[in-house]
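As a plain string of letters, each chain reads:
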Amino acid sequence: MTDSDNSQDRSPMPDQAEANAFFPSSYSLSQYTSSRTDFDGPVTEETYTDGKWKILTIATDERYMLMKNGTFFSTGNHPVETLLPLHHMAEAGYEIDVATVSGGPGKFEWWAYPGQDEAIASAWSSAEAKFKAPLRLSDVIANGLDDYAAIFIPGGHGAMNVIPFDRDVQAALDFFLDNDRLIITLCHGPAALLAAGLGRSTNPFAGYRVTAFPDALDFGANLDIGYLPGEMPWALGETLKKDGIEIINDEMTGATTRDRNLLTGDSPLAANQLGKESVLALLESFGG
């Protein structure tokens, strides 16, 4: 490969659906995506059978992130980060509901879909209709959250667009905190925790320890290899730290952590393990 070819491979690819919008470069996708995940089966043979408890998934309904240089990054929820944890939870017997802030369809980073992965294909087949016609989050809250054992907020840069600034997300997080329910999120999904601090002197998650996608990659390698078309409008880790939330990782290794009822992972590499840990936590607290 010539230097010219290498440079071209690292250029973000145009998204024809929006002016000045871009997908990740082909080179970056060769580094960050795969046709299969590391799914290796259920973490336990035990399943939930009582039928009461459900999982509330908050998907992003906004695709485009406006970067500092005026370009748009064509993003959404990462399919592995979304569907692999959901596969674990659904296979363990928990019903999945999907909501968005607007009630509009959830958006995905389809360029990251692992096309030869049976677990992902199964999860998408089961959940596709719910992501395409989700519930409106405000309606879910109005109808009551009592039957939800956990709230799951997947990553992908799209999770940084609307969710962290929404009062309905704040209300949902308040319920799950106040009622000792599980809060599960990974990669850029922890941006949602910022919603808990809206209009408050202290974020209720201040003092919690989380793993999240490293700022060093978003403001370094992800620009260098053309994964992002420009500098992001704000830094995830830096902003979480300003709210008193402790980021315990500075690399992307597939790390997960649990602090009280908050379960987090650092990237798509953590999706399988986070799914397993979520199932064990659900069965422990909401197994009957």
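Quantities reported herein were computed from a predicted structural model and do not represent experimental measurements.

### Description of the overall build of the chain
Point 1. When helices and strands are counted, the chain shows nine helices and 13 strands.
Point 2. Since a compact globule built from 288 residues should have a radius of gyration of about 19 Å, the 18 Å found for the chain is in line with a globular shape.
Point 3. With respect to the principal axes defined by its C-alpha atoms, the chain has extents near 60 × 45 × 35 Å.
Point 4. Look at the contacts in the chain between residues 6 or more apart in sequence, and 79% of them connect residues 24 or more apart.
Point 5. On the chain, roughly 11800 Å² of surface is accessible, and the fraction owed to carbon and sulfur atoms is 46%.
Point 6. Averaged over its 19 positive side-chain charges, the chain has a centre that lies 4 Å from the centre of its 41 negative ones.

### Focus on the pattern of salt bridges
Point 1. Going through the model one piece at a time under the given rule, you end up with eight salt bridges.
Point 2. Its salt-bridge partner being lysine 68, residue glutamate 231 comes within 3.3 Å of it at the nearest N-O pair. One end of the pair, glutamate 231, is in the loop between α7 (215-224) and α8 (236-242); the other, lysine 68, is in the loop between β4 (64-66) and β5 (72-74), with 163 residues separating them in the sequence.
Point 3. With a closest N to O distance of 2.6 Å, glutamate 128 and lysine 132 form a salt bridge. Of the two residues, glutamate 128 and lysine 132 are both situated in helix α4 (residues 118-132); the distance of four residues between them amounts to about one turn of the helix.
Point 4. Using a relative accessible area of 26% as the deciding quantity, one classes glutamate 128 as partly exposed.
Point 5. Via salt bridges that share partners, Lys54, Asp97 and Lys130 belong to a single interconnected network.

### Describing the pairing of strand β3 (residues 54-58)
Point 1. Counting buried residues in β3 gives five out of five residues, a clear majority hidden from the surface.
Point 2. Residues of β3 alternate between two faces, with Lys54, Leu56 and Ile58 on one and Ile55 and Thr57 on the opposite face, all of them buried.
Point 3. Pairing of β3 with strand β6 (residues 95-100) involves five bridges; the strand directions are parallel. Following the sheet pairing, isoleucine 58 is matched in β6 by alanine 99.
Point 4. Strand direction decides the pairing type here: β3 and strand β8 (residues 148-153), joined by four bridges, are parallel. Directly across from threonine 57, in β8, lies its bridge partner phenylalanine 152.

### So, the environment of glutamate 118
Point 1. Inspection of the secondary structure puts glutamate 118 in helix α4.
Point 2. Once the C-alpha coordinates of glutamate 118 and glycine 244 are considered, the two residues, 126 residues apart in sequence, prove to be 40 Å apart.

### So, the sheet that holds β4
Point 1. Across the sheet, which stays open at both edges, the four strands sit in the order β1-β2-β5-β4 with mixed pairing between neighbours. Looking at which strands have only one partner, the edges of the open sheet turn out to be β1 (13-14) and β4.

### Things to note about helix α6 (residues 167-178)
Point 1. An ideal rise of 1.5 Å per residue puts 16 Å on twelve residues; α6 measures up with 16 Å between its terminal C-alpha atoms.
Point 2. Every buried residue of α6 is listed here: Val169, Gln170, Ala172, Leu173, Asp174, Phe175 and Phe176.
Point 3. Along its buried surface, α6 packs onto α5 (137-143), β8 and β9 (182-186).
Point 4. The residue sitting at the N-terminus of α6 and contributing the capping side-chain oxygen is aspartate 166; that oxygen lies 2.9 Å from the backbone nitrogen of aspartate 168.
Point 5. Of the residues flanking the end of α6, it is aspartate 180, one or two places downstream, whose phi is positive at about 55 degrees.

Rules behind the numbers
- Throughout, a residue's number is its position along its own chain's written sequence, starting from 1.
- The predicted origin of the model limits local features to residues at a pLDDT of at least 70 and limits the giving and counting of side-chain atom pairs to 80 or more, whereas totals for whole chains, interfaces and linings rest on all residues.
- The basis for every side-chain value is the complete set of non-hydrogen atoms in the structure, without hydrogens or water.
- In this description a helix means any DSSP run of H or I spanning at least four residues, a strand means any run of E spanning at least two, and both kinds are numbered starting from the N terminus.
- Radius of gyration here uses only the C-alpha atoms, and the compact-globule reference equals 2.2 Å multiplied by the residue count raised to the power 0.38.
- Whether two residues are in contact is decided by their heavy atoms: any pair within 4.5 Å suffices.
- With residues, only the protein chains shown are counted as cover, and all accessible areas are computed by Shrake-Rupley using a 1.4 Å probe.
- Positive charges are assigned to Lys and Arg, negative charges to Asp and Glu, while His and the chain termini are left out of the count.
- Just so you know, the charge point we use is NZ for Lys, CZ for Arg, CG for Asp and CD for Glu.
- Any carboxyl oxygen of Asp or Glu within 4 Å of a side-chain nitrogen of Lys or Arg constitutes a salt bridge here.
- The buried label applies to any residue whose accessible area, calculated with a 1.4 Å probe on protein chains only, is under 20% of its type's maximum; exposed applies above 50%, and partly exposed to all values in between.
- The criterion for strand pairing is that DSSP finds at least two bridges linking the strands in question.
- Between the first and last residue of a helix there are one fewer steps than residues, each counted as 1.5 Å, and that sum is the expected span.
- Polar contacts, as counted here, are pairs of nitrogen or oxygen atoms within 3.5 Å of one another; within protein the pair requires one atom able to donate a hydrogen and one able to accept it, and residues that are adjacent in sequence qualify only if both atoms are side-chain atoms.

Coordinates in, geometry out; function isn't part of it.
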